[in-house]
Amino acid sequence: MSHILIIGAGIVGLSIGRSAKRAGHSVTVLEQGPVPNPQAASVDRHRMIRYPYGAAAGYTRMVSEAFGAWERLWADLGARHFENTGAIAISLERGDYAEKTLATFRDIGLPHDVLDRRAVEDLCPHLTLPKGAWGVTAFPGGPLFAADIMAGLARWTAEAGVTIESGARVVALDEAEGRVTLADGTTRSGDAVIVATGAWLPRLLPERFGTLPVYRQALVYVDPPADFAESWRRAPSIAVIGDHTGYTLPDLRGAGLKIGYSAHRRQAMPDVAGFEADLATESAVILGAFRPYFNQFQAYRPLRMQVGYYALHPSRRFLFEKTGRSLVITRCDGQMFKFGPLIGERVVAMLDGHQSMSDLARWAAGE
Ligand SMILES: Cc1cc2nc3c(=O)[nH]c(=O)nc-3n(C[C@H](O)[C@H](O)[C@H](O)COP(=O)(O)OP(=O)(O)OC[C@H]3O[C@@H](n4cnc5c(N)ncnc54)[C@H](O)[C@@H]3O)c2cc1C
């Protein structure tokens, strides 16, 4: 049995904590805020899991593995925090994300359906698409209810005997010794130290990660026109429309209809830019991107914004880097929530010698 010290109680830290505990290790999780921390990227009402991943065959395959890991988590939690709406990628022009997704699905033999424009509009009567548009759907897919998952994981790990310290901000890390120093000057040690600090990594390890690009991303919750409230609930979650970077998550289990537009992000650090948002101007930008496609566009009413931060590398690949006793997990992008429990299982398999670090790093990079 080893002692595993984990910095950060987001989906990555708590998932590794759960898997390490299940494997018989003693585990401590250190979190600078409350657990779960509402400022963590992992905390929102829902996050999407979807097969459409463009040309990224490695991550498409990883989604299948991720569903297996979610099933094992539901068994632990005694609840299934997921609705299988399926996910749709809509193509607007040659060579776009949906077309690449379809080529990947065909290459790796992933079951899917291709729908012409009329069929997509029948499935999604809230949309009007340009001539020539088409869609590809894949199941399962849809909303993971993130707030419930995080609360359930925090409870499960604590009850299983993981030591969870909230208000425990780590200010220094000795990677060779596996020792951390907290803001109050006390220290903690582990045989392995997992650094799962999300957007705050450049603050903890500025020499190695000071220039890592961190982005602020805001999403908007909306009230749809009454005519389409039900169709939004029944339709597949939209993973992408063309190369437009817009996506939607349905109002199921009272979560609210959420609209994202990945292009509405800017480089910023959470401790500098904060978590406030301007509902009127930011929602106008995000919703405005959907103006050509939403029926009764003027009737959509913005309700609230959700702000989060993540580290994003231009390669769009996760980075797992081991130095001495520490393992840094970073570049989680706007993509890691769906893989959280799977990452927990894989990292602990590596710590227990069932997989090499180089294989784990290659797999995490989607190779
Ligand atoms: C707006 C938005 C939308 C997204 N949509 C999706 C989606 O639809 N599907 C999907 O799969 N992914 C999505 N993502 C990405 C996903 O949410 C993140 O990649 C994932 O949650 C990252 O998890 P994490 O545990 O690495 O980081 P976080 O959840 O941010 O957790 C890091 C934790 O570490 C703590 N911490 C930081 N520094 C210290 C320190 N020095 N000492 C102690 N504690 C510290 C923080 O307080 C925080 O609680 C989205 C992200 C955002 C922001």
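Residues numbered from 1 in each chain as written. Predicted model: local features only at pLDDT ≥ 70, side-chain atom pairs only at ≥ 80, totals over all residues. Heavy atoms only, no water.

Peer 1: Describe in detail the pairing of strand β6 (residues 134-138), supporting the description with residues and values.
Peer 2: With five of five residues buried, β6 is to be regarded as a mostly interior element. The alternating pattern of β6 places Trp134, Val136 and Ala138 and Gly135 and Thr137 on opposite faces, both of which are buried. (Buried < 20%, exposed > 50% of the residue type's maximum accessible area, 1.4 Å probe, protein only. Helix = DSSP H or I, 4+ residues; strand = E, 2+ residues; numbered from the N terminus.)

Peer 1: Hey, could you go over the packing of aromatic side chains for me, with residue numbers and the actual values?
Peer 2: The geometry of an aromatic ring pair comes down to the distance between the two centres and the angle between the two planes. Tallied over the full model, the rule gives 13 aromatic pairs. Between Phe294 and Tyr300, the ring centres sit 4.9 Å apart and the planes meet at 35°, which makes this aromatic pair tilted. A relative accessible area of 5% means that Phe294 is categorised as buried. When its relative accessible area of 6% is taken as the criterion, Tyr300 is described as buried. Chaining the aromatic ring pairs together yields one cluster made of Tyr53, Tyr59, Phe318 and Phe339. Just above the ring of Tyr53 sits the side chain of Arg50; from NZ or CZ to the centre is 4.0 Å. Lying across the ring of Tyr215, Arg265 places its NZ or CZ 5.7 Å from the centre. (Phe/Tyr/Trp six-rings, centres within 6.5 Å; stacked < 30°, edge-to-face > 60°. Lys NZ or Arg CZ within 6 Å of the ring centre and 35° of its normal.)

Peer 1: Mind laying out the pattern of salt bridges, listing which residues take part and the relevant values?
Peer 2: For the structure shown, the criterion picks out 22 salt bridges. Salt-bridge contacts for Glu345 lead to Arg72; the nearest nitrogen and oxygen are separated by 2.9 Å. Taken together, the residues span a long stretch of sequence, with Glu345 in helix α11 (residues 340-351) and Arg72 in helix α2 (residues 57-77) at a distance of 273 residues. With relative accessibility at 43%, the residue Arg72 sits in the partly exposed group. (Salt bridge = Lys/Arg side-chain N within 4 Å of Asp/Glu carboxyl O.)

Peer 1: Explain helix α1 (residues 11-22) to me, using residue names and the numbers behind them.
Peer 2: When the terminal C-alpha atoms of α1 are compared, their 16 Å separation across twelve residues agrees well with the 16 Å that a helix rising 1.5 Å per residue should span. Among the twelve residues in α1, ten count as buried, and that is most of the element. Within α1 the residues assigned to the buried category are Ile11, Val12, Gly13, Leu14, Ser15, Ile16, Gly17, Arg18, Ser19 and Ala20. (Expected span 1.5 Å × (residues − 1).)

Peer 1: An account of the site of the ligand is requested, with residue identities and associated values reported.
Peer 2: As a structural note, the neighbourhood of the ligand is formed by 35 residues, with Glu31, Gln32, Ser42, Met48 and Lys338 the closest of them. The contact in question runs from an oxygen atom of the ligand to an N or O atom on the side chain of Glu31, over 2.6 Å. The side chain of Arg47 places a nitrogen or oxygen atom 3.2 Å from an oxygen atom of the ligand. Contact with the protein chains covers 97% of the free accessible surface of the ligand, which is 1000 Å². Counting only elements with at least two residues in the shell around the ligand, the list comes to α1, β3 (47-49), β13 (214-223) and β18 (301-311). When residues of the shell around the ligand are assigned to their parent elements, the largest contribution, three residues, is made by β18. For the shell around the ligand, the class distribution of residues is 19 nonpolar, eleven polar and five charged. (Near = heavy atom within 4 Å. Polar contact = N/O pair within 3.5 Å; in protein donor to acceptor, adjacent residues only side chain to side chain. Areas by Shrake-Rupley, 256 points an atom, 1.4 Å probe, with all protein chains shown as cover. Nonpolar A, V, L, I, M, F, W, Y, C, P; charged D, E, K, R; others polar.)

Peer 1: Tell me what's going on with the environment of Asp227, and back it up with residues and numbers.
Peer 2: Positionally, Asp227 belongs in the loop between β13 and α8 (229-234). Sequence-wise, Asp227 and Leu110 are 117 residues apart; in three dimensions their C-alpha atoms are separated by 34 Å.

Peer 1: So, the sheet that holds strand β11 (residues 187-189): which residues are in play, and what are the values?
Peer 2: Overall, antiparallel pairing links the three strands, which are arranged β9-β10-β11 in an open sheet. Each end of this open sheet is capped by a strand with a single partner; those strands are β9 (170-174) and β11. Averaged over all neighbouring strand pairs, the angle between strand axes comes to 20°, with direction disregarded. Alignment of strand β10 (residues 179-182) against β11, held across three bridges, turns out to be antiparallel. Each residue of the ladder has a partner; that of Arg179, found in β11, is Ser189. (Pairing = 2+ DSSP bridges. Axes fitted to C-alpha atoms, helices over the stretch in contact; angles between N-to-C directions.)

Peer 1: Describe the sheet that holds strand β14 (residues 237-241), and please don't skip the residues or the numbers.
Peer 2: Read from one edge to the other, the open sheet built from four strands follows the order β5-β6-β4-β14, with strand pairing classed as mixed. Every other strand in the sheet has two partners, leaving β5 (113-116) and β14 as the edge strands with one partner each. Strand-to-strand, the axes of this sheet are offset by a mean angle of 25°, without reference to chain direction. Bridge count for strand β4 (residues 87-91) against β6 is five bridges, and the pairing is antiparallel. Paired with Ala89 across the bridge in β6 is Val136. Relative to the sheet, helix α3 (residues 97-108) contacts β4, β5, β6 and β14, its axis offset from that of β6 by approximately 45°. (Contact = heavy atoms within 4.5 Å.)

Peer 1: Describe the nonpolar core, listing the residues and the values that go with them.
Peer 2: Core analysis: the largest hydrophobic core is formed by 63 residues, its most contacted members being Trp70, Ile149, Phe320, Ile329, Met336, Phe339 and Val347. No other element matches the ten residues that α2 contributes to this core. For this core, the two domains that each supply at least three residues are domain 1 (3-45 + 147-212 + 315-364) and domain 2 (86-142 + 214-311). Beyond its immediate sequence surroundings of up to four residues, Ile329 is in contact with Val12, Ile16, Ile194, Val195, Leu319, Phe320, Met336, Ile343 and Val347. Counting 53 residues, the second largest nonpolar core, distinct from the first, contains Leu115, Leu129, Ala133 and Val220. (Core = buried A, V, L, I, M, F, W, Y, C linked by side-chain atoms within 4.5 Å. Domains from an automatic or database assignment.)

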